[in-house]
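The residues making up each chain are set out below.
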Amino acid sequence: MQTLTDVPRPGAFIILGVTGRPALVRHLAEMGLLVGKRITVIQTADGPTGMLVFFQGQRLAISNDIAANIQVAPLTAAQLDDAVPLAGVGVHRSAIVAKLTGTPALRQRLMDMGLTRGTMVTVHQVAPLGDPLELVVRGYKLSLRKADAASVLVAEVDAHD
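Residues numbered from 1 in each chain as written. Predicted model: local features only at pLDDT ≥ 70, side-chain atom pairs only at ≥ 80, totals over all residues. Heavy atoms only, no water.

Going by an unreviewed UniProt entry, the chain carries the name Ferrous iron transport protein A and comes from Lacticaseibacillus yichunensis.

**Focus: the pairing of strand E6 (residues 70-74)**
Of all five residues that make up E6, four are buried, and the element is covered over most of its length. Sheet topology note: the strand E1 (residues 2-3)/E6 ladder contains two bridges and is antiparallel. When the bridges of E6 are listed, Gln2 appears paired with Val72. Note: strand E2 (residues 11-18) against E6, five bridges, orientation antiparallel. Among the inter-strand pairings, Ile14 is bridged to a residue of E6, identified as Ala73. (Buried < 20%, exposed > 50% of the residue type's maximum accessible area, 1.4 Å probe, protein only. Helix = DSSP H or I, 4+ residues; strand = E, 2+ residues; numbered from the N terminus. Pairing = 2+ DSSP bridges.)

**So, the pattern of salt bridges**
Applying the stated criterion across every chain, the model contains three salt bridges. Glu156 is the partner of Arg93 in a salt bridge, and the nearest nitrogen-oxygen pair spans 3.2 Å. Here the residue Arg93 occupies a position in the loop between strand E7 (84-85) and strand E8 (94-100), and Glu156 occupies one in strand E12 (residues 152-157), the gap between them amounting to 63 residues. Judged by relative accessible area, Glu156 falls into the partly exposed class, the value being 37%. Residues participating in the shared-partner salt-bridge network are Arg109, Arg145 and Asp148. (Salt bridge = Lys/Arg side-chain N within 4 Å of Asp/Glu carboxyl O.)

So, in structure tokens, the structure goes:
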């Protein structure tokens, strides 16, 4: 896992964790910088002046001190090409939705539930008989049948909340 200050070049990333003083974590959360959100680095932290990012339709300047508290993972096409079915992801593991397969009606239903490309999903728990899965998506819990979860292709990430 790397922090925003460790990012070597501009690109798209997903936030895996925010650390630091509680007041800083709360302030960043109020700005929307939460686990699972997508952030694009425009200018890296090469010097003491900080870095420039694109987040939720705005350009933000972030100091190196604050950027050091934001853990990210690259959101690359290569990672998303090595996707596995969501039904095969272990409990308490996180992944990024890469692709939806299945019938058009199933894909639409999954998108309506918030499972869109680039969204972070965590498998919260599995029912005692293995079906359904309880997921955490966009801050809420979602139960999904294992057969439907097999239609969601994801790239696993190493997230620590």
